[in-house]
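Topology and contacts: notes
In case you want the letters, here they are:
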Amino acid sequence: MAIRDVVVVGAGLSGLMAVYRLKALGIPTIWVVGGGIDRSNSVLAQGGIAAALSPEDSVDVHLKDTVIAGDGLVEEDVARGIISEGAQIVSHLVHLGVPFDKNPDGTLNMTREGAHSRRRILHIKDETGKGMMHYLFKFVSGVEKVEGRLVDLLVKDGEAYGIRVKTNGHTEDIYASAVILATGGYTGMYIHSTGNADQDGVGIALASYYGAVLRDSEFIQFHPTVFFGGGKAFLITEAVRGEGAILLDSKGERFMVDEHPMAELAPRDVVARAIHRRGGAYLDFSPIQKKGIDIEERFPHIVDVLRKEGIDPLKELVPVYPAAHYYIGGIKVDWWGQSDIKRLMVIGEAASTGLHGANRLASNSLLECVVMGYRSTFRAWWYATQEPHNERPRFDMKEYKNISPDGHLKGQMSRHGGIIRNGYGLRKVARKLLSHMENGNLPFGSQRWAQIMLSGATICSGWWRTESRGAHYREDYPEKWKEKKHSHITLKEIKQCLERIGGV
Ligand SMILES: Cc1cc2nc3c(=O)[nH]c(=O)nc-3n(C[C@H](O)[C@H](O)[C@H](O)COP(=O)(O)OP(=O)(O)OC[C@H]3O[C@@H](n4cnc5c(N)ncnc54)[C@H](O)[C@@H]3O)c2cc1C
């Protein structure tokens, strides 16, 4: 009997948008929600979603800002498509009633963030992701939801037949005519990450294991202004600097004006490196107050969290340091989110569409999530209605024991594979990764397995890229290549590559 189902894995904004659209198309959908929407990174998004909607703005200007931030690697045709379609989808969301902040006259209140030349960020106070997710979630009631973890993909001869999940200790196969993978990125390979521990990289690693290409995995964006309190990283949105906050060094001097013409609003990699080199910095909120903006009203969540940590940003400087924030590369996909595996669409932070190039422009990721969530459903609709699977092949069962990520390796990655890299450090991590691969205790589909594999992809691609561009900085190769080149790797190539680097 024909299989008409589509399975969506991941309950972040990209997965939610795909499910919303599939429901509208009337396609039977099974939604694997991991730990639920509140464990996604999407609910953590503070700053907002970028959309070229105002008359002072245009697709061309938004594209130009995206291309500049992306430092030569943005695929411009892809970016133009996402930016123009994104503005249309965001205006649809406004009409749907998503509670974006408004001015007293009822118009949309848009803010600015780093490397944006226009005010184009729609926001819901400083909890945009949560506001969007909780509002949109009610539109997908009635869709079948499965709480569980993805542990394997059912792939045969380059074609997806479904997924394997672990739910309540049982392993279950879910067959579908199309799989939409929306499991987020992977910044958990570093000690400090702004994201949720639920982003475990397993989805990306599995897709790549079965032959989907991983592109540009050396590009990891570090967010420059993260506050560390109670052992946890708490991001302080760029919108704070967009509204006027400045960065000071330990002597109380403003340093970003000497680093970049856009000062505090320079691209994130520039600000992150400037802070890293100084061993940290302080955020001064007082210029916002001087502009007459009510900080407690505009950034209530940030003020609340900092006060609970004993710092009043209205009176004191806030110490900040960069933390891993966004997985810029990912599974290479086409315009529709289709990966190199037939019937497997990958969307959101797990994917590499070409929009972000070597450095993501702030607030472009939520935009990409809504666009690719929409688009992936066109392909899924085609497979489910025009080319459904008619068979359920059997797939070998494996043990699927989980082992959590290794803390020491995260330390090595942070030290040698993070904000500033060099050949010596990359070689050191390569050797550490090889010893993990060779000790034999690396269960397939586990979080440790994904950590080793995806750290390996970042080290291999970072070794290959003997230049400095965007978020990838090699102090032994500070110049840029003349040509524009993406890195490509699949999981099966990683061990060999590490052996070459490690000199084994
Ligand atoms: C603190 C913070 C602030 C941010 N602020 C902004 C912002 O203001 N603007 C902006 O554009 N971007 C922002 N970003 C980036 C943006 O939030 C993310 O890129 C985006 O939300 C990713 O959405 P997603 O749907 O791809 O994945 P996610 O939202 O990460 O969701 C992934 C989903 O997959 C599930 N999952 C993962 N692994 C498995 C598995 N093995 N099995 C089952 N389920 C699994 C998770 O549980 C989760 O439900 C921010 C990120 C962070 C961390």
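About the thresholds
Residues numbered from 1 in each chain as written. Predicted model: local features only at pLDDT ≥ 70, side-chain atom pairs only at ≥ 80, totals over all residues. Heavy atoms only, no water. 1 Å grid on protein atoms, 1.4 Å probe; cavity = no way out; pocket = protein on both sides within 12 Å on 5 of 7 lines; lining within 4 Å. Points joined across faces, edges and corners; volume = space filled by probe spheres on them. Nonpolar A, V, L, I, M, F, W, Y, C, P; charged D, E, K, R; others polar. Domains from an automatic or database assignment. Buried < 20%, exposed > 50% of the residue type's maximum accessible area, 1.4 Å probe, protein only. Helix = DSSP H or I, 4+ residues; strand = E, 2+ residues; numbered from the N terminus. Phe/Tyr/Trp six-rings, centres within 6.5 Å; stacked < 30°, edge-to-face > 60°. Lys NZ or Arg CZ within 6 Å of the ring centre and 35° of its normal. Contact = heavy atoms within 4.5 Å. Buried area = accessible area lost by both parts, 1.4 Å probe. Salt bridge = Lys/Arg side-chain N within 4 Å of Asp/Glu carboxyl O. Polar contact = N/O pair within 3.5 Å; in protein donor to acceptor, adjacent residues only side chain to side chain. Core = buried A, V, L, I, M, F, W, Y, C linked by side-chain atoms within 4.5 Å. Near = heavy atom within 4 Å. Pairing = 2+ DSSP bridges. Axes fitted to C-alpha atoms, helices over the stretch in contact; angles between N-to-C directions. Arc of directions from axis to C-beta.

Quantified by volume, the second largest pocket comes out at close to 260 Å³. Tallied by class, the residues present in the lining of the second largest pocket amount to two nonpolar, three polar and eight charged. When residues of the lining of the second largest pocket are sorted by domain, at least three fall in each of domain 1 (6-185 + 328-385) and domain 2 (226-325).

Among the eight residues in helix 5 (residues 202-209), seven count as buried, and that is most of the element. Buried within helix 5 we find Val 202, Gly 203, Ile 204, Ala 205, Leu 206, Ala 207 and Ser 208. Following helix 5 by one or two positions, Gly 211 adopts a phi angle in the positive range, close to 115°.

Here we come to the packing of aromatic side chains. On inspection of all chains with the given rule, the structure shows twelve aromatic pairs. Geometrically, the ring pair formed by Trp 336 and Phe 378 is edge-to-face, given 5.9 Å between the ring centres and 70° between the ring planes. Of this pair, Trp 336 sits in the loop between strand 17 (330-332) and strand 18 (344-346) while Phe 378 sits in helix 12 (residues 364-385); the two residues are 42 residues apart in sequence, bridging distant segments of the chain. Phe 378 gets classed as partly exposed once you look at its relative accessible area, which sits at 37%. One aromatic cluster is present, built from ring pairs that chain together Tyr 209, Tyr 210, Phe 444 and Trp 449. The ring of Tyr 473 carries Arg 277 above its face, with NZ or CZ at 5.6 Å from the centroid.

The next thing to look at is the domain arrangement of the protein chain. Along its sequence, the protein chain is organised into domain 1 (6-185 + 328-385), domain 2 (226-325) and domain 3 (398-502). Computed over C-alpha atoms, the centres of domain 2 and domain 3 are 30 Å apart. Across the contact, five residues belong to domain 2 and five residues belong to domain 3. With both sides pooled, the region where domain 2 packs onto domain 3 buries about 480 Å², and carbon together with sulfur makes up 71% of that total. Between the two partners, domain 2 and domain 3, sit zero salt bridges. Run the count over domain 2 and domain 3 and you get zero residue pairs in polar contact (both at pLDDT 80 or more). When residues of the side of domain 2 that touches domain 3 are assigned to their parent elements, the largest contribution, four residues, is made by helix 8 (residues 268-277). Taken together, the residues of the side of domain 2 that touches domain 3 break down into one nonpolar, one polar and three charged.

This part covers the nonpolar core. Residues Leu 153, Ile 163, Leu 214, Leu 344, Trp 449, Ile 459 and Leu 498 are the most contacted members of the largest nonpolar core, which totals 66 residues. Counting residues per element, this core draws most heavily on helix 15 (residues 447-464), which supplies eight residues. Counting only domains with at least three residues in this core, you end up with domain 1 (6-185 + 328-385) and domain 3 (398-502). When near neighbours in sequence (up to four residues on either side) are disregarded, Leu 153 contacts Gly 162, Ile 163, Leu 181, Leu 206, Ala 207, Tyr 210 and Leu 344.

Another aspect to go through is the site of the ligand. Around the ligand, a shell composed of 38 residues is seen, among which Ser 14, Ser 42, Asp 198, Glu 349 and Ser 365 lie nearest. A distance of 3.2 Å is found between an oxygen atom of the ligand and a backbone nitrogen or oxygen belonging to Asn 41. At 3.1 Å, a side-chain N or O of Gln 199 approaches an oxygen atom of the ligand. Put simply, the parts of the chain that give the shell around the ligand at least two residues each are helix 1 (13-25), strand 7 (149-156), strand 16 (318-327) and helix 12.

Turning our attention to the sheet that holds strand 20 (residues 488-489). Strands belonging to one sheet form pairs held by backbone hydrogen bonds; the direction of such a pair is parallel or antiparallel. On the basis of which strands lie adjacent, the open sheet formed by four strands has the order 19-17-11-20 and mixed pairing. Edge positions in the sheet fall to strand 19 (351-352) and strand 20, since each has one partner strand and no second. Of the pairings in the sheet, the one linking strand 17 to strand 19 comprises two bridges and is parallel in character. Its bridge partner being in strand 19, Lys 332 is matched across the sheet by Ser 352. Packing of helix 5 onto the sheet brings it into contact with strand 11 (214-215), strand 17 and strand 20, and relative to strand 17 it is tilted by some 35°.

Of all the positions in helix 11 (residues 300-308), only Ile 302, Val 303, Val 305 and Leu 306 are classed as buried. The buried residues of helix 11 occupy an angular sector of 170° when projected down its axis, which confines them to one face. Of the surrounding secondary structure, the elements contacted by the buried residues of helix 11 are strand 12 (220-229), strand 13 (232-235), helix 6 (239-242), helix 10 (295-298) and strand 16.

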